[in-house]
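Fold and geometry: a report
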Amino acid sequence: MNTRFRKAAVWLTRTLALAFIANLVAASSPSATDRYVTTTGDDLGGTNTCEVQACASRARRIPASSPGDVVNVAAGTYVQEATINVSITLQGAGIGVTILSGPISGQGSPLHVTAAGVIIDGFTVTREGNNLAQWNDPRLNSAGISVQGLTASAEIRNSRIEANRTGIDVNNSNGNFIHNNIITNNRTGLIFRNQTDN
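So, here is what we can say about the structure in this document. (Residues numbered from 1 in each chain as written. Predicted model: local features only at pLDDT ≥ 70, side-chain atom pairs only at ≥ 80, totals over all residues. Heavy atoms only, no water.)

**Some words on the environment of R187**
Examined against the element boundaries, R187 turns out to sit in the loop between β15 (182-184) and β16 (188-193). A sequence separation of 45 residues divides R187 from S142, and the C-alpha atoms of the two residues are 9.9 Å apart. Not counting residues up to four positions away in its chain, the partners in contact with R187 are W135, N164 and R165. (Helix = DSSP H or I, 4+ residues; strand = E, 2+ residues; numbered from the N terminus. Contact = heavy atoms within 4.5 Å.)

This is the structure in structure tokens:
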């Protein structure tokens with residue numbers, strides 16, 4: 001066989017083998033799902049999957065998500081808290097457009113990350129009760145975003161974290177990536193506790 005034809009045959013065999021492997025990987029990997037939250041959405045008594053019709057609650061949507069899903073939070077102000085316990089992307093519409101505000105007498109943070117590989121992008125994160133008369137009220141949220149635990153990590157980007165006791169609280173968690181944010185008007189902007197690698 002001619003050397004040129006032999007090289008072409010080897011190249012074609014390798015190309016087909018790589019294409020076959022890529023198809024196998026794509027077929028075996030679950031695809032991420034886009035889910036939606038709006039201020040006018042409807043949780044449908046907890047049955048809405050938020051894929052076609054938007055939900056009203058981040059707290060409803062996040063626990064039912066699968067790793068790799070993107071939860072798109074539309075413009076508006078959401079006075080609620082959510083624990084992110086699965087590796088998802090929480091995508092806002094931008095600083096000053098999608099506002100997450102922790103309620104008075106809440107659990108502690110508008111966003112509490114307990115899973116690895118979480119991405120938070122495009123929000124203003126604050127809390128209710130930000131006035132001189134209520135500043136020391138012990139019922140107010142303490143942190144805008146908290147990342148806690150050895151198995152938790154997050155990339156927090158393109159967001160404004162303001163008017164919290166602590167803007168971002170990273171406790172006992174490594175591998176976090178916090179960049180392109182505005183962290184302002186908090187008593188403590190960013191705190192790293194019991195960790196070494198962020």
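Now, onward.
**Focus on the pairing of strand β3 (residues 76-79)**
Residues G76 and Y78 point to one face of β3 and are all buried, whereas T77 and V79, pointing to the other face, are not buried. The pairing of β3 with strand β6 (residues 98-102) spans four bridges and is classified as parallel. Paired with V79 across the strands is S101, a residue of β6. (Buried < 20%, exposed > 50% of the residue type's maximum accessible area, 1.4 Å probe, protein only. Pairing = 2+ DSSP bridges.)

**Quick notes on unusual backbone geometry**
Note: most peptide bonds trans; most residues except glycine with negative phi. You will see that A163, though not glycine, has its phi angle at about 60°, which is positive. Looking at the element boundaries, A163 is found in the loop between β12 (160-162) and β13 (166-171). Phi angles above zero are rare outside glycine, and N172 is one such case at about 60°. Within the element layout of this structure, N172 appears in the loop between β13 and β14 (177-179). N172 gets classed as partly exposed once you look at its relative accessible area, which sits at 31%.

**Focus: the pairing of strand β8 (residues 118-121)**
Residues V118 and I120 of β8 are buried on one face, and the alternating residues I119 and D121, pointing to the opposite face, are buried as well. Where strand β5 (residues 89-91) meets β8, three bridges bridge the pair, whose relative direction is parallel. Across the sheet, residue T89 finds its bridge partner in β8, namely I119. Taken together, the four bridges between β8 and strand β11 (residues 154-157) define a ladder with parallel strand orientation. Residue pairing across strands places I120 opposite I156, the latter belonging to β11.

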